[in-house]
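If you want the building blocks of each chain, they are given just below.
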Amino acid sequence: MVQIVSVLLIGIIDHVADPRIGFVLFYLIPISFSAWKMSVPMALTVAGCASTVRFLAAFLGQDESSVAIIIWNSLSRSIIFFAAVILLSRLKQDRERLKSLLALEKEISRT
C-alpha cells in the first residue's frame, strides 16, 4: 500500500533530520489521503502506522528528552492522526449525503 510506504519514507527522513524539525504535517498527507480515498479501518491503520513510525523516530533519535516526554508527545500526535481520519471520513460521508440529497431535490423540482 502506497500510504504505508509513504509513512515509512517520511519516518526515515524524520529520523535522519534534526530532531527540532517537526514532521507531523508530512505524516498527515498520507493519513488524509487514506481517510478520503479508503475505508475508515484502512485509514486508521495508516494513522496507527504513522504514530508508531513517529514514536520510533523520536525514540531512536532522542537527544536529552526523557522517555516520558517522548511517550506523551507520541500520544498527543496519535490523537491528532486518529482525529484527522475520523473528521475527514465524516466530512466525506456528509459530502456524499449532501450530493445525493441535492440530486433528489433536483429530481423533485423537475416534476
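In this text the structure is predicted, and so the values were computed from the model without any measurement. (Residues numbered from 1 in each chain as written. Predicted model: local features only at pLDDT ≥ 70, side-chain atom pairs only at ≥ 80, totals over all residues. Heavy atoms only, no water.)

Asks: What's the story with the pattern of salt bridges in this structure? I'm lost.
Replies: Here the idea is simple: oppositely charged side chains can pair when their charged atoms come close. Enumeration according to the criterion identifies 4 salt bridges in this entry. One salt bridge in this structure joins Asp94 and Arg90, with 3.2 Å as the shortest N-O distance. Pair noted here: Asp94 and Arg90 are both in helix α4 (residues 67-110), with a separation of 4 residues, about one helical turn. (Salt bridge = Lys/Arg side-chain N within 4 Å of Asp/Glu carboxyl O. Helix = DSSP H or I, 4+ residues; strand = E, 2+ residues; numbered from the N terminus.)

Asks: Can you walk me through α4 in this structure?
Replies: In an α-helix, one full turn covers 3.6 residues, which means residues spaced three or four apart are oriented alike. With 44 residues, α4 ought to run about 64 Å at 1.5 Å a step, and its terminal C-alpha atoms sit 64 Å apart, in line with that. Of the positions making up α4, those classed as buried are Ile70, Ser74, Arg77, Ser78, Phe81, Ala84, Val85 and Ser89. Here the buried face of α4 lies against α2 (24-37) and α3 (40-60). (Expected span 1.5 Å × (residues − 1). Buried < 20%, exposed > 50% of the residue type's maximum accessible area, 1.4 Å probe, protein only. Contact = heavy atoms within 4.5 Å.)

Asks: Can you walk me through the nonpolar core in this structure?
Replies: Nonpolar side chains tend toward joint burial in soluble globular proteins. Ranked by size, the top nonpolar core spans 17 residues in total, and within it Val7, Tyr27, Ile31, Ala50, Phe81 and Val85 carry the most contacts. Residue assignment for this core shows that the elements contributing at least two residues are α1 (2-16), α2, α3 and α4. Counting residues per element, this core draws most heavily on α3, at 7 residues. Setting aside chain neighbours within four positions, we find Phe81 in contact with Val24, Tyr27, Leu28, Ile31, Ala47, Ala50 and Ser51. (Core = buried A, V, L, I, M, F, W, Y, C linked by side-chain atoms within 4.5 Å.)

Asks: Help me understand the side chain of Arg77, please; the structure alone is not making it clear to me.
Replies: Examined against the element boundaries, Arg77 turns out to sit in helix α4. Although Arg77 is buried, it forms no salt bridge, and the closest oppositely charged side chain is Asp14 at an N-O distance of 7.0 Å. The residues touching Arg77, leaving out its near neighbours within four places in the chain, are Val24 and Arg54. (Lys, Arg positive; Asp, Glu negative; His and termini not counted.)

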